[in-house]
Amino acid sequence: MPLLENNIYTRPKWLFSGHLETIYPSLFRKVVAPIPVTERILTSDGDFLDLDWYRQNKSKLVIISHGLEGNSTRAYMLGMVNSFLKNGYDVLTWNFRSCSDEMNKQVIFYHSGATYDLDLVVKHGYDSYEEINLVGFSLGGNLTLKYLGEKGNSLSKINRGVAISVPLHLGSSSRKISETTNTLYSKRFLRSLKKKVIEKSDAHPGQIPVETLRNIKTLADFDDFFTGPLHGFADAEEYYEVNSSLYFLDQIKVPSLVLNALNDPFLSEKCFPRTLAKKLDQVYFEFPKHGGHVGFSPSNSEKPYYSEQRSVEFISAVI
C-alpha cells in the first residue's frame, strides 16, 4: 500500500514545533457538537461501558475511540463527530472503563489492547447498520488496529479503519514519552492515573498495591506495577509486546489508514515502519512532517482539522 511522507499536511506558521502542535488544540480547542443520546451497556464480567450516540437515521456508522486518559467529550472526539455527521454517517463514541463520569466496577481499568470492550461496542450496533467504520486516536488507535487484525474477515460489515497518532509499538513509545523533553505530558498522565488507582483501591481494599505508587516515576513504571499485572500480564514489557498493534497489521483484511506525524513527541521510530508499509496489502500509511500528537490544526480556522478531513476521505473511499 502507498506510503506518503512529508508534504501532505501544512501546519499553521505559528505552531512551529511538535510540542506546540500537540498542546494548543488540547488546551484551547473548543468544539460544539449535538447533544448525544447516552447509553450504558453491561459487560460480561459485571462492569459497564458508557456510550454516546449521534443518530440521524443513516445506514453507515462510525465508532470513535479516544486516547489515554481521554473520554468521549474531548475536543478531538467531538471534532471528528461533527465531520462525520456532516458527511452522512451516524456516529458512536464510547468511554473506556474508568473514563466516564463514574468509576467502573471491576478491579481492572482499560488498556491499549483491551479489544474485548471494543468488540462489545461494535456488536452492540452491528445489526442496526449496513456498514461500520472504526476511528481511533492514540491508545484508541492501537486498540482499533489490533482489533481489526484480530477479527480479519469475521465481521463482514466492518468497512474501513483509521488510526491517528498511534503508538504502533507500545514499549518504545512508552520510553519515548518518558524522555525529559516530554516530562509535561508524562506527569499529567501519571497524575490522573494515580488518582484513579487510589479511588479504585478504596473500592477494592487489599486488591491493589496502592502503597507502590510512591515508586512510580514513569508511565512504564505504572504499567509495570499496575496496568500489566491487573490485566493478567507479568509486567510492562509483556503487556507492551502482546498488545502492540504493529504485530497485527499484517492480519488486517479491510482498508485501514495510519496517520502519524513525524514530529509527534509521543511516538518512537518503530511507529513509522516504512519497510513493513511496502509489504502490506490493506494498510495505508501517511507520515506528514508536521502534526504533533493528535494535532493537525488547520491554517484556516474555518476548515476542518487535517485528521478529520483525511478520515472522512478515507472512510468514504476517496483515497
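Since this is a predicted model, take the numbers as computed values, not measurements.

Whenever I open this one, the nonpolar core confuses me. Can you help?
Core analysis: the biggest nonpolar cluster contains 58 residues, and Ile63, Trp94, Val122, Ile132, Leu168 and Phe285 have the highest contact counts within it. Ignoring anything within four residues of it in the chain, the contact list for Trp94 reads Leu49, Asp50, Leu51, Ile63, Ile64, Ser65, His66, Ser72, Asp117, Leu118, Val121 and Leu143. The next biggest cluster of nonpolar side chains, apart from the first, holds 27 residues, and it includes Val135, Ile164, Leu257 and Phe296.

Can you walk me through the pattern of salt bridges in this structure?
Any two side chains of opposite charge can pair, given that their charged atoms come close. Tallied over the entire structure, the rule returns 17 salt bridges. A salt bridge links Arg97 to Asp117; the shortest N-O distance between them is 2.8 Å. Of this pair, Arg97 sits in the loop between β5 (90-95) and α3 (115-126) while Asp117 sits in helix α3, placing them 20 residues apart in sequence. Among the ionic pairs, Arg274 bridges to Glu269, the shortest N-O distance being 2.9 Å. Note on Arg274: relative accessible area 26%, which makes it partly exposed. By relative accessible area, Glu269 is classed as exposed at 56%.

Sorry, what's going on with the UniProt feature "active site" (unreviewed entry) in the chain here?
Per the UniProt annotation, the sites labelled "active site" (unreviewed entry) are Ser138, Asp264 and His293. The annotated residues occupy 156 residues of the chain but converge on a single region, no pair of C-alpha atoms lying more than 10.8 Å apart. Here Ser138 is to be found in the loop between β6 (131-137) and α4 (139-151). With a relative accessible area of 11%, Ser138 lands in the buried category. Setting aside chain neighbours within four positions, we find Ser138 in contact with Gly67, Ile164, Ser165, Val166, Pro167, His293 and Val294. Considering the arrangement of structural elements, one finds Asp264 in the loop between β8 (256-259) and α9 (274-277).

Teacher, can you tell me more about the UniProt feature "domain: AB hydrolase-1" (unreviewed entry) in the chain here?
The UniProt feature table records "domain: AB hydrolase-1" (unreviewed entry) at residues 61-296. Between the C-alpha atoms that bound residues 61-296 there is a distance of 24 Å. The span itself is 38% helix and 15% strand.

Quick question: what am I supposed to make of the environment of Gln251 here?
Mapped onto the elements of the fold, Gln251 is located in the loop between α8 (236-243) and β8. A C-alpha to C-alpha distance of 31 Å links Gln251 and Gln106, two positions 145 residues apart in sequence. Setting aside anything within four residues of it in sequence, one finds Gln251 in contact with Leu148, Gly149 and Gly152.

Looking at this model, I keep getting lost on the packing of aromatic side chains. Mind explaining?
Aromatic rings considered in pairs are described by the distance between their centres and by the relative angle of their planes. Throughout the structure, instances matching the rule amount to 18 aromatic pairs. A ring pair is formed by Phe189 and Phe266, whose centres lie 6.1 Å apart and whose planes are at 75°; its orientation type is edge-to-face. Of this pair, Phe189 sits in helix α6 (residues 183-203) while Phe266 sits in the loop between β8 and α9, and the two are 77 residues apart along the sequence. Classification of Phe189 as buried rests on a relative accessible area of 15%. The class for Phe266 is buried, based on a relative accessible area of 8%. An angle of 80° between the planes, with centres 5.1 Å apart, marks the rings of Phe272 and Phe287 as edge-to-face. Within this pair, whereas Phe272 is found in the loop between β8 and α9, its partner Phe287 is found in strand β9 (residues 283-288), the two being separated by 15 residues in sequence. Since its relative accessible area comes to 0%, Phe287 is described here as buried. The ring of Tyr305 is capped by Arg29, whose NZ or CZ atom sits 3.6 Å from the centre of that ring. The ring of Phe48 has Arg40 sitting right over it, with the charged end atom 3.7 Å from the ring centre.

Before we go on, may I ask you to explain helix α10 (residues 306-315) in this structure?
Taken across its ten residues, α10 has eight buried, putting it largely inside the fold. Considering only its buried residues, α10 is in contact with α2 (75-86), β6, β7 (158-164), β8 and β9. At the exit of α10 stands Ala317, carrying a positive phi of roughly 75°.

What is the right way to read the side chain of Arg160 from this model?
If you trace the backbone, Arg160 turns up in strand β7. For the buried residue Arg160, which engages in no salt bridge, the nearest side chain bearing the opposite charge is Glu131, 7.3 Å off. Among the polar contacts made by the side chain of Arg160, one reaches the main-chain carbonyl oxygen of Phe314 at a distance of 3.2 Å.

Explain the packing of α6 against helix α7 (residues 219-230) to me, please; I cannot follow it from the model alone.
Each packed pair of helices is defined by two parameters, the angle between the axes and the distance between the axes. Close contact between α6 and α7 brings their axes to 10 Å; oriented N to C, the two are set at 20°. Classified by the angle their axes make, α6 and α7 are roughly parallel. By crossing handedness, the relation of α6 to α7 is classed as left-handed. Along the contact surface, α6 presents Phe189, Leu190, Leu193, Lys194 and Val197, while α7 presents Leu219, Phe222 and Phe226. Among the residues forming the contact of α6 with α7, the class breakdown is seven nonpolar, no polar and one charged.

Definitions and limits used
Residues numbered from 1 in each chain as written. Predicted model: local features only at pLDDT ≥ 70, side-chain atom pairs only at ≥ 80, totals over all residues. Heavy atoms only, no water. Core = buried A, V, L, I, M, F, W, Y, C linked by side-chain atoms within 4.5 Å. Buried < 20%, exposed > 50% of the residue type's maximum accessible area, 1.4 Å probe, protein only. Contact = heavy atoms within 4.5 Å. Salt bridge = Lys/Arg side-chain N within 4 Å of Asp/Glu carboxyl O. Helix = DSSP H or I, 4+ residues; strand = E, 2+ residues; numbered from the N terminus. UniProt positions renumbered as here; feature names shortened; annotations may be inferred. Phe/Tyr/Trp six-rings, centres within 6.5 Å; stacked < 30°, edge-to-face > 60°. Lys NZ or Arg CZ within 6 Å of the ring centre and 35° of its normal. Lys, Arg positive; Asp, Glu negative; His and termini not counted. Polar contact = N/O pair within 3.5 Å; in protein donor to acceptor, adjacent residues only side chain to side chain. Axes fitted to C-alpha atoms, helices over the stretch in contact; angles between N-to-C directions. Parallel < 35°, antiparallel > 145°, perpendicular 65-115°, else oblique. Left-handed = near helix turned anticlockwise from the far one by under 90°. Nonpolar A, V, L, I, M, F, W, Y, C, P; charged D, E, K, R; others polar.

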